[in-house]
There are 2 protein chains.
Amino acid sequence: MNAKAEIPRKTIYRLSIYQRCLQRLADNGQDTVSSDALSKAAGVKSTQLRKDIAYFGQFGTRGLGYNVQTLSSVITEVLGTARLQPVILVGAGNLGSALLGYNGFNKEGFEITAAFDLDPDRPRPVALKVPIYRHDKIAEFIKLHGVKMAILAVPVHCAQSVANDLVDAGIQAILNFSPTFLEVPEHVTVNSVDLAVELENLSYFIR
Amino acid sequence: MNAKAEIPRKTIYRLSIYQRCLQRLADNGQDTVSSDALSKAAGVKSTQLRKDIAYFGQFGTRGLGYNVQTLSSVITEVLGTARLQPVILVGAGNLGSALLGYNGFNKEGFEITAAFDLDPDRPRPVALKVPIYRHDKIAEFIKLHGVKMAILAVPVHCAQSVANDLVDAGIQAILNFSPTFLEVPEHVTVNSVDLAVELENLSYFIR
């Protein structure tokens, strides 16, 4: 836990990206990769890449670069097997239903095992692939199945109170799609994705 | 353009978030807000908030804080009317179709006006609300309608080449959902959202 606390969150984030690049290199039969080439593929500076990787030991060989398989195994170990985690979706409205239809999560080893909504029976544009339960069953489900991760896609006005319920029931990590900041205890991690903010931010740059 | 170049991208990003908080305060009939309260609502440090806002002038009054309407108007002006931009979606597969079904973009002033796909006629889980054209019509459409923003949700292996086509046709801003780094010319801005990386990153913290 101590070593973990010292590694910056953004480094952990970038490890996922490096891992993806390494997997693509391995798929293409490449054995080694220079830090310049890997950093370029990942879209970071090579000094950043070297610094990120140095948290976990010395892996590069001067002049040869990194062994693709070795570095990939190290990152897998660091990121842990925690990726094979069950995930619940809270809020199966428009965006939530859309996320359920996205099979990219599954491909990466995350399985959305259940969804929860205030109104499980309201009409939805997509036939959902997972069971959808009433909102008041969340705590029971989380405890019964030891769920630690939740995707939150509820309206802004109830996001904080739903987050509180999730945390009380044992959720430790929330991927938040509600466009609001969530206050959570220190042991809980929130990553927020606000699609409209992303577009708005881009729009600034096109004038 | 000079002033723009000096403002960090992350500041522009946070302005969108401040704006959202201010709108909520205005909706609740609040006239003023302290920098502490606003920074807390936005999930940033108050020193950061003050620094971000200082790029655009002196707005706070010591002891009173910010006037909600004034600050909101300033941010609107900075972010510009560019938000009322037509946006095209490229790649109407699983995730792309899901994004089309998400009406949060519309609510924020972005209209997805058309979608493009290698196979416009393949079966989709959702009835799409916009016309879907063959991939080879993109350049013509972009030029004809003066489109500057695109959402990219194509498979990794073709993401870069599709991005190149978009840039050649005049696209200046890309919201990239393909889990890969895109190389673009300096006048083009890319924001990337990788949903699986977000989950993977979270999973690290729950062990």
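Residues numbered from 1 in each chain as written. Chains lettered and ligands numbered in written order. Predicted model: local features only at pLDDT ≥ 70, side-chain atom pairs only at ≥ 80, totals over all residues. Heavy atoms only, no water.

(A) Highlighting the overall build of chain A. The helix and strand tally for chain A stands at ten helices and eight strands. Projected onto the principal axes, the alpha-carbon positions of chain A cover approximately 60 × 45 × 30 Å. Counting only contacts in chain A whose residues sit at least 6 apart along the sequence, the fraction spanning at least 24 positions is 57%. Split by element, the accessible area of chain A, about 10,000 Å² in all, is 51% carbon and sulfur. When the 21 positive and 20 negative side-chain charges of chain A are each reduced to one mean point, those points stand 6 Å apart. (Helix = DSSP H or I, 4+ residues; strand = E, 2+ residues; numbered from the N terminus. Contact = heavy atoms within 4.5 Å. Areas by Shrake-Rupley, 256 points an atom, 1.4 Å probe, with all protein chains shown as cover. Lys, Arg positive; Asp, Glu negative; His and termini not counted. Charge placed at Lys NZ, Arg CZ, Asp CG, Glu CD.)

(B) Quick peek at the relation of the copies chain A and chain B. Of the transformation superimposing chain A on chain B, the axial component is 0.0 Å and the angular component is 180°, with the fit at an RMSD of 0.0 Å. Here the two chains are linked by the operation of a two-fold rotation axis. Among all C-alpha atoms of chain A, that of Ala98(A) lies closest to the rotation axis, at 2.2 Å. Counting the interface residues of chain A, we find that 100% of their copies in chain B are interface residues as well, pointing to one common contact surface. (Least-squares fit on C-alpha atoms with pLDDT ≥ 70 in both.)

(C) Quick peek at the interface of chain A and chain B. Across the boundary between the two partners, chain A contributes 65 residues, which contact 66 residues of chain B. With both sides pooled, the region where chain A packs onto chain B buries about 6,300 Å², and carbon together with sulfur makes up 62% of that total. On the chain A side of the contact with chain B, Glu200(A), Tyr204(A) and Ile206(A) bury the most area, a combined 12% of that side's loss. Where Asp194(A) meets Arg20(B), a salt bridge forms, and the shortest distance between an N and an O atom there is 3.4 Å. Taken together, the connections running from chain A to chain B amount to 14 residue pairs in polar contact (both at pLDDT 80 or more). Broken down by element, the residue count for the side of chain A that touches chain B peaks at ten residues, all from helix H10 (residues 195-204) of chain A. (Buried area = accessible area lost by both parts, 1.4 Å probe. Salt bridge = Lys/Arg side-chain N within 4 Å of Asp/Glu carboxyl O. Polar contact = N/O pair within 3.5 Å; in protein donor to acceptor, adjacent residues only side chain to side chain.)

(D) Up close: the pattern of salt bridges. For the structure shown, the criterion picks out twelve salt bridges over all chains. Salt-bridge contacts for Arg14(A) lead to Asp52(A); the nearest nitrogen and oxygen are separated by 2.6 Å. Separated by 38 residues along the polypeptide, Arg14(A) in helix H2 (residues 9-27) and Asp52(A) in helix H4 (residues 46-54) bring together distant segments of the chain. The two residues Arg14(A) and Asp52(A) agree in class, both being buried. Across the pair Asp136(B) and Arg134(B) runs a salt bridge, and its minimum N-O distance is 2.7 Å. Here the residues in one salt-bridge network are Arg20(A), Asp194(B) and Glu200(B), joined through shared partners. (Buried < 20%, exposed > 50% of the residue type's maximum accessible area, 1.4 Å probe, protein only.)

(E) Focus on the domain arrangement of chain A. The domain boundaries assigned to chain A delineate domain 1 (2-77) and domain 2 (82-199). For domain 1 of chain A versus domain 2 of chain A, the separation of C-alpha centres amounts to 30 Å. (Domains from an automatic or database assignment.)

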